[in-house]
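# Breakdown of the fold
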Amino acid sequence: DEEFKWLLQEEVHAVLKQLQDILKEASHRFTLPTGGSGGAVKQENFVLSTSGTDQVKGVLTLQGDALCQADVNLKMPRNNQLLHFAFREDKQWKLQQIQDARNHVNQAIYLLMNRDVNYQFKTGSEVLKLMDAVMLQLSRARNRLTTPATLTLPEIASSGLTKMFTPALPPDILVNFYINLNKLCLTVYQLHVLQPSTTKNFKPAGGSILHNPGAMFEFGNQRYEVSHVHKVECVVPWLNDALVFFTVSLQLCQQLKDKISVFSSYWNYRPY
Amino acid sequence: MKVSVQAVAVWGKIAPSHSITAVMITDDQQTIVTGSQEGQICLWDLSSELKISSKEILFGHTASVTCLAKAREFEKQPYVVSATENGEMCVWNVTSGQCIENAKLPYRHTAIYYYHCSFRMTGEGWLLCCGEYQDVLIIDAKTLGVLHTLSSSQSSDWINCMCIVHSARIQEDSLVAVSVSGVLKVWDLSSSLNSIQERQSVCEKESKSLDCINCRAVRFCTYTERLLLVVSSTCWQVYDYCDFSLLCTEFCKSGQCFAGGEVLAAYRLIIWTEDGHSYIYQLLNSRLSKSIYSADGKVMKETVYPHLLCFTGVKENKSFPFVMGFVNERKEPFYKVLFSGEASGRITLWHVPDVPVSTFDGSPKEIPITATWSIQDNFDKHRSMSEGIIDHLCASRDGIKSAVVSSSVYIPSLDKLVCGCENGRIFVTVGLKTARARLLENISSVKDNLPYKVLNGHSSRVTCLLYPHDKSVRFDPSWLLSGGQDSVVICWDIFTGDILHQFSLQSGPVTELLRSPENYRLKDNNIVCCVCSDHSVAILHLQKRVCLLHARKHLFPVKKIKFDPLENLLIVGCEDDSVYIWEIETGTLERHETGETAKAILTSTEDSEDLMADALLPVSQESKRNKNAGQKHSSSYKHGMVFYNLTHNEKSSDKLTDTSCIYQPFTILPVKTKWTNANFHILLFDLEKLEELLLSSQLNGLKSSNSFHSYDTLERAKSTTEKRVLTLKRIKTAGSISPVDGQVDTVSSNQVCRDNSAARPLEESGGMKRQKKMKSSRKIRMQPSSNIDVNVTTDTAKLLLSCLLPWGVDKEIDNLCVRRLDILMLQCPVSFGLVSNDNHLSLMLPGWKCTDCCVLEECAVINLFSKRVLDLSNKYLAATEGQTGMKDGPENNVYGTKGLETVFFLFSRIALINRIINIPSTITGEIESPQKPEPIYDKWRNVEAGTPSFPSFYGELSSSKSRYHSPDSGSVSLLKLIYCWSDQSIKIIEAMQAVLLAEVQRTMNTLRKTAICREPLAIVENGSEATDTPIGSHICNMYAPTPLI
């Protein structure tokens, strides 16, 4: 019983402190844009390419949770014609995944902040509830990074992203940016229009992270088929760090929960 | 989904845990609504003297509640919307506890505001929601579908908090919101109504970055129409709404975090903190600008500085975090109330004076706590109502303190309730009898003779129980498994109470016991999975009594368990989305995968294999329960049908099947909420099923008497049959009259019991037989043996009627019910439940009625749901007056002849009411529409279709009965009346009680009448009968021959 008291009064706070430190570290990685006054968030350049072919090459500039510049070079497979697009000066593309992950981490930190050293935990279930809430935020943060949105091709076609480039994207090209684990990914879809007379069986493709050649969809009264897919990616080091922090802190939380549960027989049945 | 289920909750001494995460007071200041981390919503009565009492608890959500808001104009419809962590939303009627609408969206809301613009808006209004997504969602308040979004053109982010600004000056309703990154945004609402309805994109009108991180509240001062209060966790600020210039800033004390605030009056604010304190400030003008210059510094603006007037605080029992709110009503008799809810489930109220002032010396004054309450307080106050289902057993056993039930399981096929306790004991009792003993008064003999068994084997808390035979017949019906805190799994013989085997796992408390999947064909299938709190999984072979595999490597709680029968693999999915694959044969870990591969493995086995452990963790316990609640009804209903036909065919051949159909109308559902050990139970009565069974049992009874007796003894025989059934109910078995007598005194050693399980109907003892019934048992001699289920059915029906009858309203009625109808009085009021569509359930808490029932003077038990019931029952009497007049004669006979018949009749009445009320709940929207009567008409048809099973024997009687059911003029008026009730959101149980009261009153009147006018006649005609029982000569009168065909 004494041991349990010690656990509640000392050990829990030690773990919480440790958790907070880790999460703050993780949160720093997301470089919260300090609204206006704190100066601009630093920009990072990433070169996205595949080792073998250089059909698609992208140079992306990430500023916090937003892509502020993007240069996409595309070598058309048929005629070896080189296409080049860039973001318009006035446009930024927000990577929702990063923003969400950052917000979830901050929520978790806020939950922990409320219980500072002066706060006394009285029951085990109180700690379990706190841990459950924190873990929920953390696993959501991690899931946001590990599971990109599954989009249908019409959704990609209609997203604001297509309108952000100068020169404007040709109608037979679609692009999509997302985060997958620690990587920043760019996919370029080359399309060809399906003629109404075609004998092919039209079957619209569902939602997917990455569509395969041959996927079909209808957009603006026109039927398309994906002819080529190019995917290039680049590791974002700080995303990697963040993911590691998430995993570590989730494990810490679970360990603390396990420690508390060991003593579950000592809980009084009235929780407070 | 048709709901014909009545639920009665049997709580324990310990209230369900309720860690408040959201709290609100309704506009009429009569109800406090709280949402909890456990996922339940609690309704509290708030009296006009600001006394709090918990009233009802609403089940339905499967995750922590994040926010609550009103969902309609409250005067019109008392609806409240709740949203949860996992995206569920639900609209509740807070007066009846009914779930009106529910939905699950992929959004997690943290704040919801109801917005309705009466003259330009179609529909019921909007719910403006913000949360863990970008910008603001507009959700239809009626359908809970997403209508549109309010989007931002720049720096879009999650919105932390918002408020609706109604400004008469600007003639515009707008939504002011502050994002996570501290950007203040304003959207026009009233002028963008059209574009929202036409789904054009709506962007913000203003967007301004404030220097505040983690904003918790934003409020507009409607008194000055100028000030905007922004509360962040570290400071609060006042802005000028016209140009968003900063007027003042106040930082919080170290160690505190601001949590919210509200404008009290012009230049007066109340701010509260995470730890339950609040501060009332007066904003003072200062031309000398004590605080801050406007940002651009051009003009020295008029600024304000705060002066602390009053504060509130809590002293002890602090538990983080506090969720607070404030209602500011200027209308009399409403109060300004500051309220807070704690993680411990406690609610605290402060009555804030209209004009708060500081003390004379200028220092801030403390406002005292006005009221504080928790659910547990209610449980403590109403001890008798919160008695657990087997508390009386524990009490009767050598006076030990009642043990808390930590896990329980109900076995419908045997009508057995198995309860594992904190102290390691396991009680095995008979479900219905236990419930009767717990709820009813004056049956101490039943209580004392309640058959039960105590299984001793665990040294500490019993954490889980499993009766594997229940769902799959491949397990031996005698096996009962229990897992304990002591990491031991015991396999019991449920009939003898012997320990068959004891598995010692040595890996922490056993958290879950699971049946292996049906299609798993390994070794006779007698395999059970066992999850321990160290996240290990053990596979136990019950037949061979060995532990086949103990997989111990899992770092996170186990979420899914699957079997691969081809390769003999065990696939364990953990909460961190990793997967462990074990070889069962060798016990080795074959693979450990994370991420995408893990997901792929789990989904690939999904279709080919079983999915057994979705509801594995305490987290999903609630959802499991809910699923149970729904499925059990529907499936058991269907099963019941099948079974019932079966038993009809082979009635005489097999008693086992015969009795096994008992379970359909009555079940006990054990419920456990998250983070607690204590269990409580819900008794479920399936009205439809019960009614059906009652009808058919009547039929049976009559057939038997028909076959047994010639015409001239018919009357007499019938009356005895009736009587027999009555008495049978008490003495329970008639099989053995004389041999049983010796057993009457109790045998109460631990393992022994008078177990009249279905499996051993013959050794069923009459231990609970009562001497005074000997007389009537004489008459039982010729009773047919197939009637055991009849007794159980009538018992169940009577138990339900007992719960519903308005005891204590009228002594005479009470007497009538007890003596003549043999419906026993309640020991104390019961907690009723209301099952609404889609597995939402509301349960009354002990002490639910104390604010309502000061009407009645000294009476042992008062079971009146509300004062309204009396009015309602009078209305009902009036509405059905014509009818009664019409068939006064026959009805006299109905009531006159048979007490049991009356019970049946009353029962069919409440079933009918239930049906009528439940129809509009499914087609609420069309109440006015002309086709409304159709479905009801169909319903009536159904009812009629049911009535023919009334034996034609009753001739005239049955016709009067069916006339009662048929849509003639009288019934239509009844229908209208009940419709009108349900429109007034009168609860089903109120309606039922009213109807019962009215019917019983009427019965009593007719009885009196007949007693007076028939007595002499009867004596003349039937003197011998009349002298038979001296207690009540009218009773005998009632048995007098009646003019039947």
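Keep in mind the model is a prediction, meaning the values are calculated, not measured.

## Regarding the overall build of chain A
Within chain A one finds five helices and ten strands. Within chain A, the fraction of its 272 residues that count as buried is 47%. Sequence-distant contacts, at least 24 apart, represent 68% of the contacts inside chain A between residues at least 6 apart. Surface accessibility of chain A: about 12,600 Å² in total, with carbon and sulfur atoms responsible for 51%.

## Focus: the overall build of chain B
Scanning chain B from N- to C-terminus turns up 23 helices and 51 strands. Sorting the 1045 residues of chain B into buried and exposed places 63% on the buried side. Relative to all contacts within chain B whose residues are 6 or more apart in sequence, the contacts with residues 24 or more apart total 60%. Total accessible area on chain B is roughly 38,800 Å²; 53% of this is exposed by carbon and sulfur atoms.

## So, the packing of aromatic side chains
What characterises a pair of aromatic rings is the spacing of the ring centres plus the angle enclosed by the ring planes. Residues and elements named next belong to chain A. Counted according to the given criterion, the structure contains 16 aromatic pairs over all chains. With a centroid separation of 5.2 Å and an interplanar angle of 20°, the aromatic rings of Phe 217 and Tyr 224 are classed as stacked. The residues Phe 217 and Tyr 224 share a single accessibility class, namely buried. By the ring-pair criterion, three or more aromatic residues cluster together here, those being Phe 85, Phe 87, Phe 165 and Phe 177. Its guanidinium or amino end placed over the ring of Phe 202, Arg 223 lies 4.0 Å from that ring's centre, counting from NZ or CZ.

## Regarding unusual backbone geometry
It is generally the case that most residues other than glycine have a negative phi and that most peptide bonds are trans. Across the junction of Thr 166 of chain A and Pro 167 of chain A, the peptide omega takes the value -10°, indicating a cis bond. Phi is positive for Asn 214 of chain B, which is not a glycine, with a value near 60°. Position of Asn 214 of chain B among the secondary structure elements: in the loop between β18 (206–209) and β19 (215–220). For Asn 214 of chain B, a relative accessible area of 21% gives the class partly exposed. Unusually for a residue other than glycine, Gln 506 of chain B sits at a positive phi of about 55°. Locating Gln 506 of chain B in the fold gives a position in the loop between β39 (499–504) and β40 (510–515). Owing to a relative accessible area of 66%, Gln 506 of chain B belongs among the exposed residues under this scheme.

## Regarding helix α14 (residues 811–820) of chain B
Residue and element names in this part refer to chain B. Listing the buried residues of α14 in full gives Ile 813, Asp 814, Leu 816 and Cys 817. Buried residues in α14, looked at end-on, bunch into an arc of 160°, giving them a common side. Exposed and facing more than 90 degrees away from the buried side of α14 are Lys 811 and Arg 819. Once α14 ends, the next one or two residues include Asp 822, with phi positive near 60°.

## Thoughts on the pairing of strand β20 (residues 227–232) of chain B
Residue and element names in this part refer to chain B. Counting buried residues in β20 gives six out of six residues, a clear majority hidden from the surface. The pairing of β19 with β20 spans five bridges and is classified as antiparallel. Its bridge partner lying in β20, Ala 217 is registered against Val 231. Hairpin connection of β19 to β20: six residues between the antiparallel strands, including Glu 225 at a positive phi of 55°. Looking at chain direction, β20 and strand β21 (residues 235–240) are connected through five bridges and run antiparallel. Directly across from Val 231, in β21, lies its bridge partner Trp 236. Counting the residues that bridge the hairpin from β20 to β21 gives two residues.

## So, the UniProt feature "repeat: WD" (unreviewed entry) in chain B
Residues and elements named next belong to chain B. If you check UniProt for "repeat: WD" (unreviewed entry), the listed places come out as residues 20–54, 58–102, 455–502 and 551–592 in our numbering. Strand forms 48% of residues 455–502 and helix 0%; the C-alpha atoms that close the span are 13 Å apart. This span, residues 551–592, is 0% helix and 55% strand, and a straight line between its end C-alpha atoms measures 12 Å.

## Description of the interface of chain B and chain A
Contact with chain B, which involves 49 residues of that partner, is made by 40 residues of chain A. Of the roughly 3,500 Å² buried at the junction of chain B and chain A (both faces included), carbon and sulfur atoms supply 49%. If you look at where chain B meets chain A, you find four salt bridges. Arg 102 of chain A is the salt-bridge partner of Asp 157 of chain B, the closest N and O atoms lying 3.5 Å from each other. At the boundary of chain B with chain A, the tally comes to 19 residue pairs in polar contact (both at pLDDT 80 or more). Contributing elements (two or more residues each) for the side of chain B that touches chain A: α2 (375–381) and α6 (595–608) of chain B.

## Points about the confidence of the model for chain A
All names here are of chain A. Mean pLDDT over chain A stands at 83; residues scoring 70 or higher make up 92%. Strand β1 (residues 43–49) is the least confidently modelled element of chain A, averaging 82 in pLDDT, while helix α5 (residues 237–262) averages 91, the highest of any element. Considering only residues more than four positions removed or in separate chains, one finds that residues 33–38, a stretch of pLDDT under 50, has six contacts. Confidence over residues 268–272 falls short of pLDDT 50; this stretch has 18 contacts with residues more than four positions distant or in other chains.

## Considerations on the sheet that holds strand β51 (residues 840–844) of chain B
Residue and element names in this part refer to chain B. Taken in spatial order, the nine strands make up an open sheet running β2-β3-β4-β5-β51-β50-β1-β49-β48, and their pairing is antiparallel. The sheet is open, and its two borders are formed by β2 (20–25) and β48 (666–672), each paired with just one other strand. Taking the axes of each pair of neighbouring strands and ignoring which way they run, one obtains an average angle of 25° across the sheet. In this structure, strand β5 (residues 52–59) lies alongside β51, joined through four bridges in antiparallel fashion. Bridged to Glu 56 within β51 is Met 844. Each of β1 (5–10), β48 and β49 (679–686) is contacted by helix α4 (residues 431–439), which is oriented at about 75° to β48, the strand it contacts most.

## Overview of the sheet that holds strand β44 (residues 558–564) of chain B
Residue and element names in this part refer to chain B. As summarised here, the arrangement of the four strands in space is β44-β45-β46-β47, forming an open sheet in which the pairing is antiparallel. The open sheet has two edge strands, β44 and β47 (589–593), and neither has a second partner. Neighbour-to-neighbour, the strand axes of the sheet open up by a mean angle of 15°, direction not taken into account. Across five bridges, strand β45 (residues 569–574) lies against strand β46 (residues 579–583) in antiparallel orientation.

## Looking at the pattern of salt bridges
Taken as a whole, this structure holds 27 salt bridges over all chains when the rule is applied. Residue Lys 205 of chain B is joined to Asp 188 of chain B by a salt bridge in which the shortest nitrogen-to-oxygen separation is 3.3 Å. Here the residue Lys 205 of chain B occupies a position in the loop between β17 (202–203) and β18, and Asp 188 of chain B occupies one in strand β16 (residues 183–188), the gap between them amounting to 17 residues. Residue Asp 188 of chain B is classed as buried on the basis of its relative accessible area of 17%. Here Asp 240 of chain B ties to Arg 226 of chain B by a salt bridge, and the two come within 3.2 Å at their closest N and O atoms. Of this pair, Asp 240 of chain B sits in strand β21 while Arg 226 of chain B sits in the loop between β19 and β20; the two residues are 14 residues apart in sequence, bridging distant segments of the chain. Classification of Asp 240 of chain B as buried rests on a relative accessible area of 5%. Through salt bridges with shared partners, a single network forms among Arg 140 of chain A together with Glu 85, Arg 108 and Glu 132 of chain B.

Reading the values: rules and limits
- Residues numbered from 1 in each chain as written.
- Chains lettered and ligands numbered in written order.
- Predicted model: local features only at pLDDT ≥ 70, side-chain atom pairs only at ≥ 80, totals over all residues.
- Heavy atoms only, no water.
- Helix = DSSP H or I, 4+ residues; strand = E, 2+ residues; numbered from the N terminus.
- Buried < 20%, exposed > 50% of the residue type's maximum accessible area, 1.4 Å probe, protein only.
- Contact = heavy atoms within 4.5 Å.
- Areas by Shrake-Rupley, 256 points an atom, 1.4 Å probe, with all protein chains shown as cover.
- Phe/Tyr/Trp six-rings, centres within 6.5 Å; stacked < 30°, edge-to-face > 60°.
- Lys NZ or Arg CZ within 6 Å of the ring centre and 35° of its normal.
- Arc of directions from axis to C-beta.
- Pairing = 2+ DSSP bridges.
- UniProt positions renumbered as here; feature names shortened; annotations may be inferred.
- Buried area = accessible area lost by both parts, 1.4 Å probe.
- Salt bridge = Lys/Arg side-chain N within 4 Å of Asp/Glu carboxyl O.
- Polar contact = N/O pair within 3.5 Å; in protein donor to acceptor, adjacent residues only side chain to side chain.
- pLDDT = per-residue confidence, 0-100.
- Axes fitted to C-alpha atoms, helices over the stretch in contact; angles between N-to-C directions.

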